[in-house]
Every structure is written in structure tokens, then in C-alpha cells.
Amino acid sequence: MAGDRVARLLRKREHPRQATALELFFDLSFILGLALLSRRLFHELNWGNTFETLILFAGAYWIWIATAWATDWYNPNDPIIQLLVLGIMFVGLLMVSAIPDAFGEHGFIFAGAYVLVHVLRGAVLLTLLRGHPLQRRSMLIMIWFAISAVPWLVGAFRPEDERVMLWLVALAIDYGIAWLGWPTPWLGRVPDESLRNVGEHLSERYQQVFIIALGEVVLVNGLAYTSAGVNALRTLAFGLAFLNVVLLWRGYLIPGDLRIGGILDQNRPRMAVSVALCHATVIGGTLLTAVGNEVLITEPLGDPQGAWVMLMVGGAVLFLVGRINYHLLVYQRLPWPGLVGLGILGVLSPVLLLFQPLIISLVTNAALFGAVAVDLYLIRRAVRQGRLITPSEGTPLAPGGDDKR
């Protein structure tokens, strides 16, 4: 009976691989989180607030990715799983609502909700999987979330500087231990086969959350354009902001990445976590870009400030770093155009401190365009010549490789 009960909970290979309405509904909480993060960042443009905002983003993203994995491992059409996801969504909404003052009076709401989500999910799954081998996976994961709960909760009651350090420790545990497979003394680590994903489904979920992030950029930029007052200069700035969004969108869609599910299906050790971390970097860069473009539109010729470079160049750098790592996962080769783009932005950043947002945007877009356009050309040429095989073809990623799907 227990085996039959668990079998109904698990997502089967023959189940539809598209995201369900429930999963898309859950994404609404992440949309709110991104909106509040961008508002928090825009209203206090400095290095310290940017760092704190990225910490809050990492927490919100880990809620999203853990839920995406849960609906990938378990049947999202099962009533119990649906109730679990809705419960996580409600607590997650409480958490992201605390973002504006998370390093102030609402620290406990943010940290408490974060811990409650992971403990709630772990407790429910441990109960549902009682007597099944997969219960060990949930147990090991929950042990480490219980450990990271200590710095999360203690930090909520400490001054701002100490809270930053404690929450960084908590994130290092959550992200780092996941990448290692949740190794636990005397209990071992989660077996790789227990972390296997339905690649097509999870690939679609990653694309959806990236589109959500781009949607936040479009929304923020559009509102800034209409509220700041339309004139020729702001229209030019709005055009540059739109070009920036197009470059992010096209840069994400490297050939073959729409089928990164093939990589996930190979079940290589830590692959699912590596892809999740890669997308965290890409979306974090997109978040900075949203605020940078808002500054560009509202103050295209504003007095030079380090914050402008931090947002516009920093967003492009994070995006390129994520894209390079993503490229390595898909093609197992280092994309030198992306590295050149990073080098150009790094060299020019000190000089850009002397210029207005309009000039910074022109330089950043030029570097992004060069990195994306050259890389796409080289990939397509290599595929045509048979020197590079994409995972969509069901063959090795590189000549002589093994297809382990």
C-alpha cells in the first residue's frame, strides 16, 4: 500500500513534460520578489545595498529552484503536492513582502519564512515517503536546511553588518552543500540517481523564470519611460535599454540551450545544481540590468556616479559569467568571445566612472553585442562543419564523447 501511495506521488517519465498551470501560478510569487528587489535597489544606489539585495535575491531564488525540483520529482497534479506548492507559495509571498526592510525590522519575517518553507516541504515529503528509498533523499536535504536555519534565524536578530555575514554563511551552506550532493556525516550523500531530473520539464522551467526576469526589465523600463517625461533624449535612452534587453534574450538562447534538457537527462553528478547556479548568475545580472536601464532612462545625462557603472556594467558582467558557465555545460568548451567581453568591460570600468549613463550604456551594449554575435557565429560555423555537436541531436557534445542518456 505504501509503495502504491508513493508511486502516485512521483512524476513518471510518461507524464506530460510541460509546466503545469500550478507551476506558472507559483511563479507569480517570484515576479513579486523581483519587483520588490528592483525597487529596493533603485531607491538606494550604493555598493552595500546592492550586495544586500543580491543576498535577498539568492534566498528568493533558492525557494523557486527547490520548488521547481519538487514539481520535477513529484507529480504536480497530485492533490497533496498541489496543496504543498500552494502552501509554499503563500509563505514565499510573506517572505518576499519583507524584502524592502529585510535588513531592518522585517528580518525575522524574511528569514523565518525562508526556513519555514524548507522545513514544511521536508516534513511533508518525509511523511509521504515513509518506508520508500527516496525518503533518504528528503531526510538528508532537510538535515542541511535545518543546519542553515541557525545562521538564518540568528542573523535575523543581529545588527545589519552581522546579519549580512550570517546570512552569507547560510547561503553558502544551502548552495554549496547542494552542489556537493548534501553529504552528511555517517549518512553519506544523496545518490546521483536520486537527483535525476526530467530534463525537458526543468529546461522549460528555467526558460520561464528567465523570461519572467526579462519581463521585469521591460516593465521597469516602460514605467520609467512614461513617468519620466517623453522627449528625444529619453527616447534614445529607451531605445538603448530595449537593445540591451534584446541582447540578453538573444545571448541566453545559444544554439542547443533550448534542449539543455538533454544535458540534465544525462544525470551527470551535480549537473542539476550546476545548471541552477548558472541561472542564478544570469538572472541576478538581469536584475541589476533592470535597475541600470531605469537609471539610464530617467537620467541619461546625469552626473557621473560609481553606481551607474555598478549597475550597467555589473549586470552585463554577471550575465556573461552565467552565459559562459552555461556554455561550458552545454558544449564543454570555453567561449572566448565572452571572456573577451568580460575583459573589455573590466578594463573600461574605471574609465566609465567619468561618464554619464548614456555613454556607459553604449559601451556596455557594444561589449555585449560583440560577445554574443561573435560567439553565435562561431558556434553555428562549428556545428555546420561537424566540429561541434549540440545535445539536441542526441549525439555527443563533442567529437569522441559518450552519450550517456
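Every chain is numbered on its own, with residues counted from 1 as its sequence reads. Only residues with pLDDT of at least 70 are given local features in this predicted model, and only at 80 or more are side-chain atom pairs given and counted; all residues enter the totals for whole chains, interfaces and linings. Hydrogens are left out, water is left out, and the side-chain values use all remaining heavy atoms of the structure.

Asker: Could you give an account of the overall build of the protein, with specific residues and numbers?
Answerer: Under the scheme used here, helices are H or I runs from DSSP no shorter than 4 residues and strands are E runs no shorter than 2 residues, and both carry numbers assigned from the N terminus. Scanning the protein for helices and strands turns up 14 helices and zero strands. Put simply, the protein runs from its N terminus to its C terminus through helices and strands in the order α-α-α-α-α-α-α-α-α-α-α-α-α-α. Put simply, the protein has 405 residues, and 54% of those count as buried. Counting only contacts in the protein whose residues sit at least 6 apart along the sequence, the fraction spanning at least 24 positions is 80%. For the protein, the exposed surface amounts to about 16,600 Å²; the carbon and sulfur share of it is 69%. Only protein chains enter the accessibility calculation, which uses a 1.4 Å probe; a residue whose area is less than 20% of its type maximum is buried, one above 50% is exposed, and one in between is partly exposed. Throughout, a contact is declared for two residues whenever any of their heavy atoms are within 4.5 Å. Every accessible area reported is derived by Shrake-Rupley at a probe size of 1.4 Å, with residue values counting cover from the shown protein chains alone.

Asker: So, the pattern of salt bridges: which residues are in play, and what are the values?
Answerer: Think of a salt bridge as a Lys or Arg side-chain nitrogen and an Asp or Glu carboxyl oxygen that are within 4 Å of each other. In the structure shown here, the tally under the stated rule is six salt bridges. For Asp27, the salt bridge is made with Arg205, and the minimal N-O distance between the two is 2.9 Å. A residue pair is termed long-range when its members are at least 10 positions apart, and Asp27 in helix H2 (residues 21-42) and Arg205 in helix H8 (residues 199-228) qualify at 178 residues. Its relative accessible area of 2% is what places Arg205 among the buried residues. The closest approach of N and O atoms between Glu162 and Arg158, which form a salt bridge, is 2.8 Å. With a relative accessible area of 37%, Glu162 lands in the partly exposed category. One network of salt bridges, in which partners are shared, links Glu23, Asp27 and Arg205.

Asker: Can you explain helix H4 (residues 79-97)? Please cite residues and give values.
Answerer: Under the convention used throughout, the expected extent of a helix is 1.5 Å for every residue step, that is, one less than its residue count. Over its 19 residues, H4 extends 27 Å from the first C-alpha to the last, a length consistent with the 27 Å expected when each residue adds 1.5 Å. When we look at burial in H4, the residues that qualify are Ile81, Leu84, Val85, Ile88, Met89, Val91, Gly92, Met95 and Val96.

Asker: Can you break down the nonpolar core residue by residue, with the values?
Answerer: For our purposes a nonpolar core is just a set of buried Ala, Val, Leu, Ile, Met, Phe, Trp, Tyr and Cys residues, chained together by side-chain atoms within 4.5 Å. With 119 residues, the main nonpolar core has Tyr61, Trp69 and Tyr206 as its most contacted residues. Sequence-distant contacts of Tyr61, that is, excluding residues within four places in its chain, are made with Phe30, Tyr175, Tyr206, Ala276, His279, Ala280 and Ile283.

Asker: I'd like a description of helix H13 (residues 336-352), backed by residues and values.
Answerer: For an α-helix, the turn length of 3.6 residues means that residues three or four places apart are oriented alike. Helix length check: H13, at 17 residues, gives a terminal C-alpha distance of 23 Å against a target of 24 Å (1.5 Å per residue), a fit within 8%. Considered for burial, the residues of H13 that qualify are Pro337, Gly338, Gly341, Leu345, Ser349 and Leu352.

Asker: Describe in detail the side chain of Asp27, supporting the description with residues and values.
Answerer: The class of Asp27 is buried, set by a relative accessible area of 2%. In this structure, Asp27 is in contact with Trp64, Arg205, Gln208 and Ile212, ignoring residues within four places of it in sequence.

Asker: Can you lay out a nonpolar patch on the surface for me, pointing to particular residues and giving the numbers?
Answerer: A contiguous nonpolar patch, built from Trp336, Val340, Ile344, Val347, Leu348, Val351, Leu353, Leu354, Phe355, Ile359, Leu362 and Val374 and spanning about 1,000 Å² of accessible area, is present on the exposed surface. Elements with a contribution of two residues or more to the nonpolar patch: H13 and helix H14 (357-384). Per-element tally for the nonpolar patch: the top contributor is H13, with six residues. As for its position among the elements, Val351 is in helix H13. For Val351, a relative accessible area of 41% puts it in the partly exposed group. Exposure above 30% relative accessible area and no salt bridge define the residues that can form patches, which grow by joining like charges within 9 Å and nonpolar side chains of Val, Leu, Ile, Met, Phe, Trp and Tyr within 5 Å.

Asker: I'd like a rundown of the confidence of the model for the protein, residues and numbers included.
Answerer: The score called pLDDT rates the predictor's confidence residue by residue, from a low of 0 to a high of 100. On average, residues of the protein carry a pLDDT of 85, and 88% of them reach 70 or more. Across residues 390-405, where pLDDT falls below 50, the model places 35 contacts with residues more than four positions away in sequence or in other chains.

Asker: Tell me about the packing of aromatic side chains, residues and numbers included.
Answerer: Stacked, tilted and edge-to-face pairs are distinguished by plane angle, under 30 degrees for stacked and over 60 for edge-to-face with tilted covering the rest, among Phe, Tyr and Trp rings (Trp via its six-membered ring) whose centres lie within 6.5 Å. Per the counting criterion, the structure on display carries 17 aromatic pairs. For the ring pair Tyr252 and Tyr326, a centre distance of 5.6 Å and an interplane angle of 25° mean the geometry is stacked. One end of the pair, Tyr252, is in helix H9 (residues 232-252); the other, Tyr326, is in helix H12 (residues 306-331), with 74 residues separating them in the sequence. You'll find Tyr252 and Tyr326 in the same group, each marked buried. Two limits define a charge over a ring: the Lys NZ or Arg CZ must be within 6 Å of the ring centre, and within 35 degrees of the ring normal. It is Arg137 that lies over the ring of Trp73; its NZ or CZ is 4.0 Å from the centre.

Asker: Residue-level account of the packing of H8 against helix H11 (residues 271-298), with values.
Answerer: Where H8 meets H11, the closest approach of the two axes is 9 Å, and the angle between their N-to-C directions is 5°. By the angle between their axes, H8 is roughly parallel relative to H11. Taking contact as the criterion, the partners of Tyr206, Val209, Phe210, Ala213, Leu214, Val217, Val220, Asn221, Ala224, Tyr225 and Ala228 in H8 are, on H11, Ala272, Val275, Ala276, His279, Val282, Ile283, Thr286, Ala290, Asn293, Glu294, Ile297 and Thr298. As a working rule, the residues Ala, Val, Leu, Ile, Met, Phe, Trp, Tyr, Cys and Pro are called nonpolar, Asp, Glu, Lys and Arg charged, and the rest polar, with Gly in that last group. Looking at the contact of H8 with H11 residue by residue, the classes come out as 17 nonpolar, five polar and one charged. Note on definitions: angles span 0 to 180 degrees between N-to-C directions of axes, and those axes are lines fitted to C-alpha atoms, for helices only across the stretch in contact. Between 65 and 115 degrees an angle is taken as roughly perpendicular, under 35 as roughly parallel, over 145 as roughly antiparallel, and anywhere else as oblique.

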